[in-house]
Amino acid sequence: MKFISWNIDSLNAALTSDSNRAQMSRDVLATIQTYEADVIAIQETKLSSKGPTKKHQEALADWFPGYRYAWVSSVEPARKSYAGNMVLFKEALDPIISYPEIQAPDTMDQEGRLITLEFEDFYFNQVYTPNAGNGLKRLADRQVWDQKYADYLASLDEDKPVIATGDYNVAHQEIDLAHPENNRRSAGFTDEERQGFTRLLDRGFTDTFRYLHGDVEGVYSWWAPRVKTSKINNSGWRIDYFLTSDRLKDQVQKSEMIHSGDRQDHTPIYLEVDL
């Protein structure tokens, strides 16, 4: 099976805006189309609590004919049009869809951060992990999230193997970002967040990119959009992942980045697994 994951940073903008950035996002969507993936996970949709509008639905039907989709959005008391996830899957598939809450702190459970698809032989989970925030103001809550999420994923793994993906908002190792020396207390590279990711993997999960590619350096999934030269200079971070249960790791055939052209921000990631 083929899987794609992408933090799109506003599905609304990608589908309806005339901006140059939106056109670059649509170029990425066109690239995604060519993969004919079975499941496509999209994070940070930023849709309203009512979900896709009629205009969005028509655009999705044009872009992804032959797919159905599920979505979850931020709802009160969380911020409006914030975070959010969508997963598209081929019509021939018939998963059981759930929108888990994990007893996370603050409004994290209301921010539309998790969707899980249950298939006959495995679970597919997508996550948009909360950012620790400016000044690390959400770091303590993020640590609780990491523990709760690890507990949740491990509970799925007790039943059947898991494929998990999304924007995990952490560069796990020093080789997962271009300038570790300058980012020791930056959100996404604190010791606390890195340890949280280690503890998640220690529960029985494999970082498929590292498993296939070893200690390769300079391969990233995100470049700061506010720094004009970040992508030109490849000053990036690898914060988007495909994880599998350890017992699936030897069935992984590909785990790689999808080229996103000149667009600075997240690039899609791709997984191919012999299931």
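Note that the structure is predicted; figures quoted are calculated from it, not measured.

Asks: Explain the UniProt feature "domain: Endonuclease/exonuclease/phosphatase" (unreviewed entry) in the chain here, please?
Replies: Per the UniProt record, the feature "domain: Endonuclease/exonuclease/phosphatase" (unreviewed entry) sits at residues 4-252. Measuring from the first to the last C-alpha atom of residues 4-252 gives 14 Å, for a span that is 29% helix and 22% strand.

Asks: Explain the sheet that holds strand β3 (residues 67-72) here, please?
Replies: By way of backbone hydrogen bonds, the strands of a sheet pair with one another, either parallel or antiparallel. What the six strands build is an open sheet, ordered β3-β4-β2-β1-β14-β13; its pairing is mixed. Each edge of the open sheet is held by one strand with a lone partner, namely β3 and β13 (252-257). Each strand of the sheet is rotated relative to its neighbour by a mean of 15°, with strand direction disregarded. Taken together, the five bridges between strand β1 (residues 2-7) and strand β2 (residues 39-43) define a ladder with parallel strand orientation. Each bridged residue has a counterpart across the sheet, and for phenylalanine 3 the counterpart in β2 is valine 39. Of the strands in this sheet, β1, β2 and β14 (269-273) touch helix α2 (residues 20-35), which is tilted by about 170° from β1.

Asks: I keep staring at the environment of serine 260 and nothing clicks. Help me out?
Replies: By secondary structure assignment, the location of serine 260 is in the loop between β13 and β14. For the pair serine 260 and alanine 164, spaced 96 residues apart in sequence, the C-alpha to C-alpha distance is 22 Å.

Asks: Got a minute to help me understand the layout of surface pockets in this structure?
Replies: A probe as big as a water molecule, rolled over the atoms, marks out the empty space that is left. Within this model, the largest pocket holds a volume of roughly 1300 Å³. Elements supplying a minimum of two residues to the lining of the largest pocket: β10 (222-223) and β11 (236-237). Residue composition of the lining of the largest pocket, grouped by class: 14 nonpolar, 15 polar and 10 charged.

Asks: Can you walk me through the UniProt feature "binding site: Mg(2+)" (unreviewed entry) in the chain in this structure?
Replies: Cross-referencing UniProt, the feature "binding site: Mg(2+)" (unreviewed entry) maps to Asn7, Glu44, Asp167, Asn169, Asp265 and His266 in the present numbering. In terms of the greatest pairwise C-alpha distance, the residues named above, spread along 260 residues, form a tight cluster of at most 12.6 Å across. Filtering the just-named annotated residues for those lining the largest pocket gives Asn7, Glu44, Asp167, Asn169, Asp265 and His266. Turning to its location among the elements, glutamate 44 is positioned in the loop between β2 and α3 (54-63). Beyond its immediate stretch of four places on either side in the chain, glutamate 44 contacts Asn7, Ile8, Asp9, Ser10, Leu11, Ala83, Gly84, Asn85 and Tyr128. With respect to the helices and strands, the residue aspartate 167 is situated in strand β8 (residues 162-167). Apart from the residues within four sequence positions on either side, aspartate 167 is in contact with Asn7, Gln43, Val127, Tyr128, Thr129, Ile239, Asp240 and His266. At 2.9 Å, the side chain of aspartate 167 forms a polar contact with the backbone nitrogen of asparagine 169.

Asks: Help me out: how do you make sense of the pattern of salt bridges in this one?
Replies: If the charged atoms of two oppositely charged side chains come close together, the side chains can form a pair. Counting across every chain of the model gives 18 salt bridges. Across the pair arginine 68 and aspartate 94 runs a salt bridge whose closest N-O atoms are separated by 3.9 Å. Linking arginine 68 in strand β3 with aspartate 94 in the loop between β4 (85-90) and β5 (96-98), this pair joins segments that are 26 residues apart in sequence. With a relative accessible area of 35%, arginine 68 lands in the partly exposed category. Of the residues examined, aspartate 94 reaches a relative accessible area of 66% and is grouped as exposed. Across the pair glutamate 174 and arginine 184 runs a salt bridge, and its minimum N-O distance is 2.7 Å. Placement of the pair is glutamate 174 in the loop between β8 and α5 (191-202) and arginine 184 in the loop between β8 and α5, with a sequence separation of 10 residues. Given the relative accessible area of 39%, glutamate 174 is considered partly exposed.

Rules of the game
Per chain, residue numbering runs from 1 following the sequence as it is written. Only residues with pLDDT of 70 or above have their local features reported here, since the model is predicted, and side-chain atom pairs are shown and tallied only from 80 upward, although totals for entire chains, interfaces and linings are computed over all residues. To get the side-chain values, all heavy atoms of the structure are used, and hydrogens and water are removed first. UniProt positions are given in the numbering used here, feature names are shortened, and annotations may be inferred rather than shown by experiment. Numbering goes from the N terminus for both helices and strands, where a helix is a DSSP run of H or I of at least four residues and a strand is a run of E of at least two. Pairing between strands is defined by DSSP: at least two bridges between them are needed. To get an axis, a line is fitted to the C-alpha atoms, and for a helix only the part in contact is used. The angle between two axes follows their N-to-C directions and goes from 0 to 180 degrees. Note on contacts: a residue pair is in contact if any heavy atoms of the two residues lie within 4.5 Å. Using only the protein atoms, space was sampled on a 1 Å grid; points where a 1.4 Å probe fits but cannot get out form cavities, open sets with protein on both sides within 12 Å along at least five of seven lines form pockets, and lining residues are those with an atom within 4 Å of a point. Grid points are joined across faces, edges and corners, and a volume is the space filled by probe spheres set on the points. Polar here means any residue outside two lists: the nonpolar Ala, Val, Leu, Ile, Met, Phe, Trp, Tyr, Cys and Pro, and the charged Asp, Glu, Lys and Arg; Gly therefore counts as polar. N or O atoms closer than or at 3.5 Å make up a polar contact, with two conditions inside protein: a donor-capable atom paired with an acceptor-capable one, and, for residues adjacent in sequence, both atoms drawn from side chains. In what follows, salt bridge is the name for a side-chain nitrogen of Lys or Arg lying within 4 Å of a carboxyl oxygen of Asp or Glu. With a 1.4 Å probe rolled over the protein chains alone, any residue whose accessible area is under 20% of its type maximum counts as buried; one over 50% counts as exposed, and the rest are partly exposed.

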